[in-house]
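# Coordinate analysis (summary)
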Amino acid sequence: MIKQAETKIKQIRELKNFTQEYVAQKLGLSTRAYSKIETGETQLTINRLNEISAIMGVPPMEVLGFDDKQVFNNCKQDGYIGINHINLPEKLIQQYEETIQSLKEQIQLLKLLQGK
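Residues numbered from 1 in each chain as written. Predicted model: local features only at pLDDT ≥ 70, side-chain atom pairs only at ≥ 80, totals over all residues. Heavy atoms only, no water.

### Quick notes on the overall build of the chain
Summing up its helical and strand segments, the chain has seven helices and two strands in all. Along the chain, helices and strands appear, N-terminal first, in the series α-α-α-α-α-α-β-β-α. When burial is assessed residue by residue, the chain has 22% of its 116 residues classed as buried. In the chain, the share of contacts with a sequence separation of at least 24, taken over all contacts with a separation of at least 6, comes to 49%. (Helix = DSSP H or I, 4+ residues; strand = E, 2+ residues; numbered from the N terminus. Buried < 20%, exposed > 50% of the residue type's maximum accessible area, 1.4 Å probe, protein only. Contact = heavy atoms within 4.5 Å.)

Quick look at the structure:
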């Protein structure tokens, strides 16, 4: 049995802003049946893990190795609860910025083509 996988699945689902209903529908299950997976009432199989991983867009090994402390580092300082987000590598940020710029240019081109 995979330990704490159900908790990790729930955390990833919530981070992805997916409802239990959405995931259950994609799996062809009732919401209650899916809920039992997240609560550990139903044993998680490798096949079901693969299906859930595909829906969430996260490889199965990343689901099993998911650590919410690496995503959000909650800390309490002087009565203030802050959230420190993971810093993205500079190269990844640059790739995102280039992609955004390219998409903006494509949008402008499409607007011009529609105007004619």
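### Details of the side chain of Arg13
Counting through the fold element by element, Arg13 comes out in helix α1 (residues 5-15). Residue Arg13 is classed as buried on the basis of its relative accessible area of 8%. Here Arg13 is in contact with Phe18, Thr19, Gln20, Val23, Tyr34, Glu38 and Met56, once residues within four sequence places are set aside.

### Quick notes on a nonpolar patch on the surface
On the surface, a cluster of nonpolar side chains totalling about 310 Å² of accessible area is made up of Leu109, Leu110 and Leu113. The exposed category is assigned to Leu113, whose relative accessible area is 52%. (Patch = residues over 30% accessible without salt bridge, like charges linked within 9 Å, V, L, I, M, F, W, Y side chains within 5 Å. Areas by Shrake-Rupley, 256 points an atom, 1.4 Å probe, with all protein chains shown as cover. Salt bridge = Lys/Arg side-chain N within 4 Å of Asp/Glu carboxyl O.)

### With respect to the pattern of salt bridges
It is possible for side chains of opposite charge to pair when their charged atoms get near one another. As enumerated under the stated definition, the model contains three salt bridges in all. Measuring nitrogen to oxygen at the nearest pair gives 2.5 Å for the salt bridge that ties Arg13 to Glu38. One end of the pair, Arg13, is in helix α1; the other, Glu38, is in helix α3 (residues 31-39), with 25 residues separating them in the sequence. Like Glu38, Arg13 is buried. Among the salt bridges present, the one from Glu41 reaches Arg32, with a minimum N-O distance of 3.3 Å.

### As for the packing of aromatic side chains
One pass over the structure, following the stated rule, counts one aromatic pair. Between Phe18 and Tyr22, the ring centres sit 4.9 Å apart and the planes meet at 45 degrees, which makes this aromatic pair tilted. (Phe/Tyr/Trp six-rings, centres within 6.5 Å; stacked < 30°, edge-to-face > 60°.)

### Considerations on the packing of α1 against helix α4 (residues 46-56)
Between two packed helices, both the angle of their axes relative to each other and the distance between the axes serve to describe the pair. The geometry of α1 relative to α4 is characterised by a closest axis approach of 11 Å and an angle of 15 degrees between their N-to-C directions. It follows from the interaxial angle that α1 and α4 lie roughly parallel. At the point where α1 passes α4, the crossing takes the left-handed sense. Every residue of α4 that contacts α1 at Ile9, Ile12 and Arg13 is listed here: Leu49, Ile52 and Met56. When its residues are assigned to classes, the contact of α1 with α4 shows five nonpolar, no polar and one charged. (Axes fitted to C-alpha atoms, helices over the stretch in contact; angles between N-to-C directions. Parallel < 35°, antiparallel > 145°, perpendicular 65-115°, else oblique. Left-handed = near helix turned anticlockwise from the far one by under 90°. Nonpolar A, V, L, I, M, F, W, Y, C, P; charged D, E, K, R; others polar.)

### What about the nonpolar core?
Side chains of a nonpolar character, in soluble globular proteins, are inclined to be buried together. Of all hydrophobic cores here, the largest spans 16 residues; its most connected members are Ile9, Tyr34, Leu44, Ile52 and Met56. Mapped by element, the contributors of at least two residues to this core are α1, α2 (20-27), α3 and α4. Here this core gets four residues from one element, more than from any other, and that element is α4. If near-sequence neighbours (up to four positions away) are discounted, Ile52 is found in contact with Ile9, Leu27, Tyr34, Ile37 and Leu44. (Core = buried A, V, L, I, M, F, W, Y, C linked by side-chain atoms within 4.5 Å.)

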